[in-house]
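What the coordinates show
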Amino acid sequence: MEITWYVILCFMLVMYIVLDGFDFGAGIIHLFFTKNDKEKKQVMRAIGPFWDGNEVWLIAAGGVLFATFPTLYASAFSGFYLPLIMILWLFIFRALGIEFTHLINHELWIKPWQRSFGLSSLLLALFFGIAFGNIIRGVNLGGVENGIAQFNNSYAFFTPLWDGSFSPFAERPGVIDWFTITIGLVAVLSLTIHGAYWIILKTEGDFVKKLQKKILPLWITLLVLVIISIIAFVAMKSFNSELFNQHPAIYLLPVITFLGFLGMLVFRKSNKHWLGFASSTTFIICGIGSAVASMFPIVIPSTNSIIESLTIYNTASEAYALEVGLVWWVIAFALVLVYFTFVHKIYKGKLTNKHDHH
Amino acid sequence: MEDALLYGRLQFAFTITYHYLFPQLTMGLALIIAVYKGFYLRTDKIIFNEAAKFWAKIFAINFGMGVVTGIPMEFQFGTNWAQFSERTGNIIGQTLAMEGMFSFFLESSFLGLFLFGEKILGQKLHFLTAFLIFIGSWASGYLIIATHSWMQNPVGYEILANGKFALNNFSELFSNPWFLPSFFHNQMASMVTTSFVIASVGAFYLLVNKHKEYAHLFLKTAIISGIISTVFVAVPTGDLLAKQVAKNQPVTLAAMEGLFNAEKGAPIVLIGQPNMKEQRLDNKIEVPNVLSFLTYERWDAEIKGLNDFPEETWPTNIPGLYYSYHIMVGLGTIFIGIMFLAVWFLWRKKLEIRRWFLWVLLFAVPFPYIANTAGWYTSELGRQPYLVYGLFKTSDGISESVSAGNTLFTLLGFVGLYLFLGFIMLILVGKTIHKGPSEITLKNN
Ligand code: HDD
Ligand code: HEM
Ligand code: HEM
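The structure contained in this document is the topic of the report that follows. (Residues numbered from 1 in each chain as written. Chains lettered and ligands numbered in written order. Predicted model: local features only at pLDDT ≥ 70, side-chain atom pairs only at ≥ 80, totals over all residues. Heavy atoms only, no water.)

**What about the overall build of chain B?**
- Of the regular secondary structure elements, chain B holds 16 helices and 8 strands.
- Judged by the C-alpha coordinates and their principal axes, chain B covers about 70 × 50 × 40 Å.
- In chain B, the proportion of contacts linking residues at least 24 apart, taken out of those at least 6 apart, comes to 77%.
- Accessible surface computed for chain B: about 18100 Å², of which carbon and sulfur atoms make up 66%.
- Taking the 31 positively charged and 29 negatively charged side chains of chain B as two groups, their mean positions are separated by 15 Å. (Helix = DSSP H or I, 4+ residues; strand = E, 2+ residues; numbered from the N terminus. Contact = heavy atoms within 4.5 Å. Areas by Shrake-Rupley, 256 points an atom, 1.4 Å probe, with all protein chains shown as cover. Lys, Arg positive; Asp, Glu negative; His and termini not counted. Charge placed at Lys NZ, Arg CZ, Asp CG, Glu CD.)

**Quick notes on the coordination of the iron atom of ligand 2**
- Coordination of the iron atom of ligand 2 by the protein comes from a single atom, B:E380 (OE), at 2.6 Å.
- Turning to its location among the elements, B:E380 is positioned in helix α14 (residues 366-383). (Donors = N, O, S within 2.8 Å, 3.2 Å for Na, K, Ca; no water.)

**Some remarks on the packing of aromatic side chains**
All names here are of chain B.
- Here the structure, examined in full by the defined rule, presents 68 aromatic pairs over all chains.
- Each ring, one from W150 and one from F165, has its centre 5.8 Å from the other, and the planes form 85 degrees; the classification is edge-to-face. Placement of the pair is W150 in helix α6 (residues 123-152) and F165 in strand β2 (residues 165-167), with a sequence separation of 15 residues. Here the two residues W150 and F165 agree in accessibility, since each one is buried.
- Measuring from ring centre to ring centre gives 6.1 Å for Y214 and F218, while their planes differ by 40 degrees; the resulting arrangement is tilted. Here Y214 pairs with F218, and both are found in helix α9 (residues 212-248), just 4 residues apart, close to one helical turn. In this structure, Y214 and F218 share a single accessibility class: buried. (Phe/Tyr/Trp six-rings, centres within 6.5 Å; stacked < 30°, edge-to-face > 60°. Buried < 20%, exposed > 50% of the residue type's maximum accessible area, 1.4 Å probe, protein only.)

**Regarding the nonpolar core**
- In this structure, B:W55, B:M101 and B:F218 are the most contacted members of the largest nonpolar core, which totals 234 residues.
- If you tally residues by element for this core, the top one is helix α3 (residues 46-80) of chain B, at 18 residues.
- Beyond its immediate sequence surroundings of up to four residues, B:M101 is in contact with A:M12, A:A60, A:V64, A:W328, A:W329, A:A332, A:F333 and A:V336.
- Core analysis: the second largest hydrophobic core is formed by 21 residues, B:L241, B:M256, B:W314 and B:I318 among them. (Core = buried A, V, L, I, M, F, W, Y, C linked by side-chain atoms within 4.5 Å.)

**Looking at the coordination of the iron atom of ligand 1**
Residues and elements named next belong to chain B.
- The protein atoms that coordinate the iron atom of ligand 1 are H185 (NE2) and M328 (SD), at distances of 2.1 to 2.3 Å.
- One can describe the donor arrangement at the iron atom of ligand 1 as octahedral, given that its 6 donor atoms subtend angles of 82 to 179 degrees at the metal. Of this pair, H185 sits in helix α8 (residues 179-207) while M328 sits in helix α12 (residues 318-347), placing them 143 residues apart in sequence. In this pair, the class of H185 matches that of M328, namely buried. (Tetrahedral: all angles 85-135°; square planar, octahedral: opposite > 155°, others 65-115°.)

**Here we look at unusual backbone geometry**
All names here are of chain B.
- Cis geometry is adopted by the peptide bond preceding P236, which originates at V235 and carries an omega value of 0 degrees.
- Note on placement: P236 falls in helix α9.
- The step from Q384 to P385 runs through a cis peptide bond, and the omega angle for that step is 5 degrees.
- If you trace the backbone, P385 turns up in the loop between α14 and β7 (386-388).
- With a phi angle near 60 degrees, N209 is a residue other than glycine that sits in the positive phi range.

**A word on the site of ligand 3**
- Among the 25 residues in the neighbourhood of ligand 3, the closest are listed as B:H19, B:Y20, B:T26, B:G70 and B:N186.
- Around ligand 3 the close residues trace back to chains A and B.
- At 3.0 Å, a side-chain N or O of B:H19 approaches a nitrogen atom of ligand 3.
- Residue B:T26 places a side-chain N or O atom 2.5 Å away from an oxygen atom belonging to ligand 3.
- Of all the secondary structure elements, the ones that give two or more residues to the shell around ligand 3 are α1 (2-21), α2 (23-43), α3, α4 (82-116) and α6 of chain B.
- Of the residues forming the shell around ligand 3, the biggest block, 9 residues, is contributed by α3(B). (Near = heavy atom within 4 Å. Polar contact = N/O pair within 3.5 Å; in protein donor to acceptor, adjacent residues only side chain to side chain.)

**What to know about the site of ligand 2**
Residue and element names in this part refer to chain B.
- Within the structure, ligand 2 sits among 21 residues, and R9, Y20, W376, E380 and L387 are positioned closest to it.
- One nitrogen or oxygen atom from the side chain of R9 is found 2.6 Å from an oxygen atom belonging to ligand 2.
- At 2.8 Å, a side-chain N or O of E380 approaches a nitrogen atom of ligand 2.
- Sorting the residues of the shell around ligand 2 by element identifies α1, α6 and α14 as the ones contributing at least two each.
- Among the elements that make up the shell around ligand 2, the one with the highest residue count is α1 (6 residues).
- Of the residues assigned to the shell around ligand 2, the class counts are 13 nonpolar, 5 polar and 3 charged. (Nonpolar A, V, L, I, M, F, W, Y, C, P; charged D, E, K, R; others polar.)

Nothing here speaks to function; it is all geometry.
See below:
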């Protein structure tokens, strides 16, 4: 039961990252690569009908996490208190940047909201990457100092935003260190490319060509960052091959991740626009999948030897709650699929000004 | 710890009060818009469609505010109330997760289509999207009230050896006797807010002599939905909810009514200030026997007073609770009066010449918001010192690892950010009302 729910939860989170990920990418492109109003409009049009629905994957995943792994929810959300609240604030600025920009037609109104959309997308991608980096690295569960836990609840922990050394090897590493920052930048670049492929899929004209040209330099930077983070990861932790050895098929995950990564470069000029988007999607899904599998069944590793790591087994709800939850979840999910197909069918293909939001 | 608890509570109270300013309007507007679209489909009168479009703009702004302020709510259980979440997630998490899966997906999928897709969809499908948004937003209210009702009157649970609450009967979450009275009361209260908002815009257009056709439609809509909802909010729903309080939280009822000592044939208090030191009400005006009758349907029934209960179970803020309750009920009575008068003027076709009354409607807008907020404060202050009534104390629910300084910082951040948002949103709503619904389409038809 715990495994089923863990798979569902990971599925929802990965859906969130794939879907809202291209919105973040679009925001970053809007910030750096659009020169005129026409290009800005093209970016907005490509995400306009979808972003709100995409964001709901996160909210729904949060709810499901709360219901099925309450201890994990309580632990992570209170432990990463400040960064999480800041993410919430950024969400507000992003939403208003998308929805309110066109409501008043005056430069003094439009400019700041456009910036607000771009900057908050950039920071959100960075923060989510950093958060992911923190979870891989682990935290000081129980707030152990000199061998004594400071909190009554063993799931509780406190992470400062940073500690002076910015090193993941510090005794009490902060949220931001050079390892988590690298992962954050990996997220920013992957999502920028992912967003670019989405926009290429949804618009036409010169802007498509322009974006296609940007992909090569972005990809090379990403390559460098990925190599750094893999080296750091290996230096920091011993690879947990438990699940891999039990089910050798899981070795396919990193292999497919690599293929997706190559596809992101190879298909950049292809006329079949969906190929690039499919590659970046594969890269994201399988990349996260590999990381999750290499930690399984741990969800938040403990960096001290006193409190044991949080796993899917010691954080889950009671069996009955998990069972009834599954019943309504399946029904709700079937409905979500219906809505999703309906919306994407109405807005299928290239979007033109007939689909504009004003 | 003390300070952390205080700031945590203030932050929760502030953010939830602010959040609920928006859904109370959007839930009602969603219904009215669906009704307008329905009328348009049946009668083909363009004014219904244009009215729906106009309100959809106001809806969209409020909806956006509801979404951005709702997300912090969903996360705050984990960030600030970690111990509470850990121990009750089994149960509270169920209904909250259902809200995400069943209603937020529904609303967000169709909102864009509804707002911008009229041409692509055609009228029938467009009506459908409006209807689905109505269903989604009411489902949201339904599930959140189910969650809340469990906190007021816990059912279907067992407490495990490690102190956790485990769900053992899912359907009891929805057959909780507290739940349906609370849900219908809350939805009716949301219709009250919506009716007053629509009436106010109608009155404004008549007063400034613009958009007169729309003004008449708005006033008619608002007065019909207003008379129904203002009455229903009091009887049967408010009354039924009060009976739940009397049954499950008698000490809360005593505090709400400012009743210190048990009384046979207890009076209902219209005015009076609780004096906690002397344990009595100052300057009171009361109607004898009414409270006994309302609660037990017998004029001489005995109602227990605060002194019949151990002091540690008393609500922690009795004057706050007492005033909240009396503000809600007092305003509710005034609303009924205003709406009866409005029906009378509408009936005699005098609405347009009774300009003083239009002014009343114009300026009545803030009061349903105040009544709604006061109602929620009644619920929440009445439940204190517990988070889960009788079982789990608020002070045991706070996150251990979040310091007072951090919470104060984020509380101030939320206050600043929300003030800014409120300002932006007033500009946008003002601009929409100033521009008004389309006259051109109406003329060309
Ligand atoms: C326009 C708003 C409005 C108006 C006019 C009223 N209410 Fe109300 N009331 C609410 C808005 C509200 C609310 C904000 O929606 C609450 C909070 C929780 C809930 O379910 O509804 C509420 C709660 C609430 C409670 C529950 C308190 C608790 O949980 O401890 C009672 C007993 C009443 N109401 C009773 C009444 C009565 C007898 C009214 C007679 C006029 C009345 N309300 C008018
Ligand atoms: C929109 C309407 C609501 C308003 C205006 C409101 C208001 C408040 C207020 C004023 C408090 C502080 C009480 C105190 O500490 O003395 C509070 C506490 C709380 N409420 Fe509500 N509430 C609302 C709805 C809900 C719902 C639907 C839930 C549950 C799903 C909920 C859960 C809580 C919790 C967990 C607390 C604990 C924090 C605390 O004690 O401050 N509230 N609320
Ligand atoms: C602690 C309590 C609450 C939490 C955790 C909460 C959570 C949320 C969240 C996350 C959203 C955004 C949905 C989206 O993205 O589409 C939202 C919106 C909404 N909430 Fe709340 N909410 C709370 C209280 C309430 C109450 C008391 C009601 C009313 C009964 C309510 C009704 C709604 C509605 C109808 C929406 C849709 C947006 C809108 O119409 O403005 N919420 N809420």
